[in-house]
Amino acid sequence: MEELDLKDLISYFMSKIIYFLAIVTLVVTLGCLYLIFLKTPVFTSKTSVILTGNNKESSSTITQTDLSVNSKLVGTYQEIVKSKRVLSQVIHELNLDYTVKDLSKMIRVGAINDTEIIEISVTNEENRTAYAVANKVAEIFSKEAKDLYNLSNVSILDRADIETVPSNINITKQLLIFLGLGSVLGFAVLFLFYYFDTTIKRVSDIERKYNLPILGAVPDYTKKKKKGAKRR
């Protein structure tokens, strides 16, 4: 591999800047067209439940034992949220045209770090469907958790809202991504053209390529004629 002349490389890039800008513009334009015409917007509604004391009916004080039990139950409760027992009731009560498996794919459940809060997020192409499913899942889960464990330690902390902004489309962020991709592609294309360009453009190219001294060079009279014509 030949050594790359950084100065020559920069000079080459500057001479081809119009092509670089054209590639970047093309990538950004195609990205915008994809966002507008091909990417399907989806909406995500979130609700959260919190684990309180073990049994509200027997005591209003939360003990350290209650907290320890709740921490151990967080993982179990996350699985119950997406269980067939819960989701089949959601489908029935909301009269949804989904299978349990399909509905499960729309739901994400996660525990907020170092807390006893479980966040339930539902993503759907219809914002009202996402909103209704999120709230209904939280309601049924709270009821089922009490029936399964005979404990009243699950309460809805925040109910979901109807989202109007798609969760999978961030214009500013995605434009920056397209701009970055276009820049990388532009640099890559120009570098490949530069690297595989074997034409001789100046005397120094012969000296560097063949390691031979140059005894003389024929001047380019066409440039001098053009300069003379401009002066006239």
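Located above this text is the structure these notes cover.
Residues numbered from 1 in each chain as written. Predicted model: local features only at pLDDT ≥ 70, side-chain atom pairs only at ≥ 80, totals over all residues. Heavy atoms only, no water.

Undergrad: Would you mind going over the pattern of salt bridges in detail, with residue names and values included?
TA: The tally for this structure, following the rule as stated, stands at five salt bridges. Its salt-bridge partner being Lys136, residue Glu93 comes within 3.2 Å of it at the nearest N-O pair. Taken as a pair, Glu93 in helix 4 (residues 84-94) and Lys136 in helix 6 (residues 127-149) lie far apart in primary sequence, 43 residues in all. For Lys136, a relative accessible area of 18% translates into the label buried. (Salt bridge = Lys/Arg side-chain N within 4 Å of Asp/Glu carboxyl O. Helix = DSSP H or I, 4+ residues; strand = E, 2+ residues; numbered from the N terminus. Buried < 20%, exposed > 50% of the residue type's maximum accessible area, 1.4 Å probe, protein only.)

Undergrad: Before we move on, could you go through the nonpolar core and cite the residues and values that matter?
TA: Generally speaking, nonpolar side chains in soluble globular proteins are found buried as a group. In terms of nonpolar packing, the biggest core is built from 28 residues, with Tyr77, Val90, Leu103, Ile107, Val133, Val137 and Phe141 touching the most fellow members. Here this core gets eight residues from one element, more than from any other, and that element is helix 6. Here Val90 is in contact with Leu96, Leu103, Val133, Lys136, Val137 and Ile140, once residues within four sequence places are set aside. Formed by seven residues, the second largest nonpolar core is a distinct cluster that contains Tyr12, Phe20, Val24 and Leu190. (Core = buried A, V, L, I, M, F, W, Y, C linked by side-chain atoms within 4.5 Å. Contact = heavy atoms within 4.5 Å.)

Undergrad: Could you give an account of unusual backbone geometry, with specific residues and numbers?
TA: Positive phi outside glycine occurs at Asn95, with the angle close to 55 degrees. Its location among the elements puts Asn95 in the loop between helix 4 and helix 5 (100-106).

Undergrad: Would you mind going over the packing of aromatic side chains in detail, with residue names and values included?
TA: Under the counting rule described, the total for this entry stands at six aromatic pairs. Summarising the aromatic geometry, the rings of Tyr12 and Tyr194 are spaced 5.2 Å apart at their centres and angled 55 degrees between planes, so their arrangement reads as tilted. Here Tyr12 is found in helix 1 (residues 6-15), whereas its partner Tyr194 is found in helix 7 (residues 171-195), with 182 residues between them in sequence. One exposure class covers both Tyr12 and Tyr194, and it is buried. Ring-pair connections join several aromatic residues into one group, and the members of that group are Phe13, Phe20 and Phe187. (Phe/Tyr/Trp six-rings, centres within 6.5 Å; stacked < 30°, edge-to-face > 60°.)

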